[in-house]
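Chain by chain, the residues run as shown.
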Amino acid sequence: MLKSGPHTRLAGVWARRPEVAARLGVPVYERIEELFEVCEAVAFCVPPGVQADLAERAARAGKALLLEKPLADSLENAERLAGVIAETGVASQMILTMRYARATRDFLAACRSIEPLGGQAISVSGALLGGDFATPWRLERGAILDVAPHVVDLMDAALGTITAVRAHGDPLRWVGLLLEHESGAVSEVSLCQASKDEMQRFVIVGRDGLVTLGHSDDDPLDVVAEEFAQTVRQGGGHELDAQRGLHLQRVLAEAERQLLT
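Residues numbered from 1 in each chain as written. Predicted model: local features only at pLDDT ≥ 70, side-chain atom pairs only at ≥ 80, totals over all residues. Heavy atoms only, no water.

K.L.:
Would you mind showing me how to read the overall build of the protein here?
P.N.:
Secondary structure assignment for the protein yields 9 helices and 11 strands. The C-alpha atoms of the protein give a radius of gyration of 19 Å, which matches the 18 Å a tight globule of 261 residues would have. By residue count, 48% of the 261 residues in the protein fall in the buried class. Taking as baseline every contact in the protein between residues at least 6 positions apart, the subset at least 24 positions apart corresponds to 68%. Here the protein displays about 13,000 Å² of accessible surface, and carbon together with sulfur accounts for 49% of that area. (Helix = DSSP H or I, 4+ residues; strand = E, 2+ residues; numbered from the N terminus. Rg over C-alpha atoms; globule rule 2.2 N^0.38 Å. Buried < 20%, exposed > 50% of the residue type's maximum accessible area, 1.4 Å probe, protein only. Contact = heavy atoms within 4.5 Å. Areas by Shrake-Rupley, 256 points an atom, 1.4 Å probe, with all protein chains shown as cover.)

K.L.:
Looking at this structure, I do not really get empty space enclosed by the protein. What am I missing?
P.N.:
Over the atoms a probe the size of a water molecule is rolled, and this reveals where empty space is left. For the structure on display, the rule yields 1 cavity of 30 Å³ or more. Surrounding the largest cavity, Lys69, Pro70, Leu71, Met94, Pro149, Gly245, Leu248, Gln249 and Leu252 form its lining. Looking at the lining of the largest cavity, the element that brings in the most residues is helix H9 (residues 242–260), giving 4 residues. When its residues are assigned to classes, the lining of the largest cavity shows 6 nonpolar, 2 polar and 1 charged. (1 Å grid on protein atoms, 1.4 Å probe; cavity = no way out; pocket = protein on both sides within 12 Å on 5 of 7 lines; lining within 4 Å. Points joined across faces, edges and corners; volume = space filled by probe spheres on them. Nonpolar A, V, L, I, M, F, W, Y, C, P; charged D, E, K, R; others polar.)

K.L.:
Help me understand the state of the cysteines in this model?
P.N.:
Throughout this description, disulfide means a covalent bond between two cysteine sulfur atoms. Per the counting criterion, the structure on display carries 0 disulfides. Unpaired in this structure, cysteine 39 has its nearest cysteine sulfur neighbour in cysteine 45, at a distance of 16 Å. What makes cysteine 39 buried here is its relative accessible area of 12%. (Disulfide = S-S within 2.5 Å.)

K.L.:
Where do I start with the packing of aromatic side chains in this structure?
P.N.:
Here a ring pair, both rings aromatic, is described through the centre-centre distance and the interplanar angle of the planes. On inspection of all chains with the given rule, the structure shows 1 aromatic pair. Here phenylalanine 107 and phenylalanine 202 contribute two aromatic rings whose centre-to-centre distance is 6.5 Å and whose plane-to-plane angle is 55°, an arrangement assigned as tilted. With a gap of 95 residues between them, phenylalanine 107 in helix H5 (residues 102–112) and phenylalanine 202 in strand E10 (residues 199–206) connect regions that are remote in the sequence. (Phe/Tyr/Trp six-rings, centres within 6.5 Å; stacked < 30°, edge-to-face > 60°.)

K.L.:
Sorry if this is basic, but what is going on with the sheet that holds strand E4 (residues 64–67) here?
P.N.:
Reading across the sheet, the 3 strands line up as E3-E4-E5 and stay open at both edges, with parallel pairing between neighbours. A strand with exactly one partner marks an edge of an open sheet, and here the two such strands are strand E3 (41–43) and strand E5 (92–94). Going across the sheet, the axis of each strand differs from the next one's by a mean of 10°, ignoring polarity. Across 3 bridges, the pairing between E3 and E4 is parallel. Each bridged residue has a counterpart across the sheet, and for alanine 41 the counterpart in E4 is alanine 64. (Pairing = 2+ DSSP bridges. Axes fitted to C-alpha atoms, helices over the stretch in contact; angles between N-to-C directions.)

K.L.:
Help me understand H9 in this model?
P.N.:
In an α-helix, one turn spans 3.6 residues, which is why side chains three or four residues apart end up on the same side. For H9, with 19 residues, the first-to-last C-alpha span of 26 Å sits near the 27 Å given by 1.5 Å per residue. The N-capping residue of H9, defined by a side-chain oxygen 3.2 Å from the backbone nitrogen of glutamine 243, is aspartate 241. (Expected span 1.5 Å × (residues − 1). Polar contact = N/O pair within 3.5 Å; in protein donor to acceptor, adjacent residues only side chain to side chain.)

K.L.:
Teacher, can you tell me more about the layout of surface pockets here?
P.N.:
Reported here for the second largest pocket is a volume of approximately 170 Å³. Considering the residues around the second largest pocket, the lining is formed by Arg99, Arg105, Leu108, Arg112, Ala157, Glu227, His238, Glu239 and Leu240. Looking at the lining of the second largest pocket element by element, the count peaks at 3 residues for H5. A per-class count over the lining of the second largest pocket returns 3 nonpolar, 1 polar and 5 charged.

K.L.:
Would you mind going over the pairing of strand E8 (residues 175–181) with me for this structure?
P.N.:
Two faces make up the sheet, and in a regular strand the side chains alternate between them. In terms of burial, E8 is largely enclosed, as 5 of its 7 residues are buried. Taken together, the 7 bridges between strand E7 (residues 162–169) and E8 define a ladder with antiparallel strand orientation. Among the inter-strand pairings, arginine 166 is bridged to a residue of E8, identified as leucine 178. Linkage of E7 to E8, two consecutive antiparallel strands, is achieved through a turn of 5 residues. Where E8 and strand E9 (residues 186–192) come together, 6 bridges link them in antiparallel fashion. Looking at the pairing, leucine 177 lines up with valine 189 of E9. Counting the residues that bridge the hairpin from E8 to E9 gives 4 residues, and of these glycine 184 lies at a positive phi of roughly 100°.

K.L.:
What am I meant to see in the packing of helix H3 (residues 48–60) against helix H4 (residues 75–88) here?
P.N.:
Helix-helix packing is characterised by the crossing angle of the two axes and by the distance between the axes. Taken N-terminus to C-terminus, the directions of H3 and H4 make an angle of 10°; their axes are 9 Å apart at the nearest point. Taken as axis vectors, H3 and H4 run roughly parallel relative to one another. Facing Ala52, Ala55, Glu56, Ala59 and Arg60 of H3, the residues of H4 in contact are Asn77, Arg80, Leu81, Val84, Ile85, Glu87 and Thr88. (Parallel < 35°, antiparallel > 145°, perpendicular 65-115°, else oblique.)

K.L.:
What is the right way to read the environment of arginine 16 from this model?
P.N.:
Mapped onto the secondary structure, arginine 16 falls in the loop between strand E1 (13–14) and helix H1 (18–21). For arginine 16 and glutamate 30, which are 14 residues apart along the polypeptide, the C-alpha to C-alpha distance reads 8.7 Å.

In structure tokens, the structure reads:
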């Protein structure tokens, strides 16, 4: 995404496996500080706990940040990272990919026109059964840390800021969330990453009708790159910044706490 342009240029890569990174055809640096010296912004493709540490170092080096979800592996680390970003004033943006898709933006615009009362969301996949996404942190923490940021973010955007959450189930099997929103709306979220079949659907019900969003074939990565380039040049201000990531992490940390007690 970052290499293909035209809004960004990949200046180099730091990775634990230099031989793999070299396939990108750009300089590969032995020390991450060497990468900081040649770039304006840093993007991450690492586990959440690693991102929390490296992003803090990048922010202190004055680099804008393109951050994966979740922001960190724990609420404590997310709060620390968000604090450093605020302290340094660097631009930040979260890759909550659904929010960059045209279908999603049309869906949210339609939600605003129906005076929403509540909604439901379901996301089912086989991400934990094997393949590229069955990574150690996902296999340990499951749907709450992996897919829930996308789904909860969208329900929050459609119905208003989430103020409370109740959770039940098992993040490695099936988990349900009951969300309360500042607007007075309520919503229900069901998540599963242990099925051979896939399904994704959002339904928002309002006084003036209902709006639905299913699986979209939109490829939002070009939009991610374009808007991140704008964020860096303008000095921040994107809706999906680190503070957005921190808000989601607080909701999901409370859900995870309930599931573990």
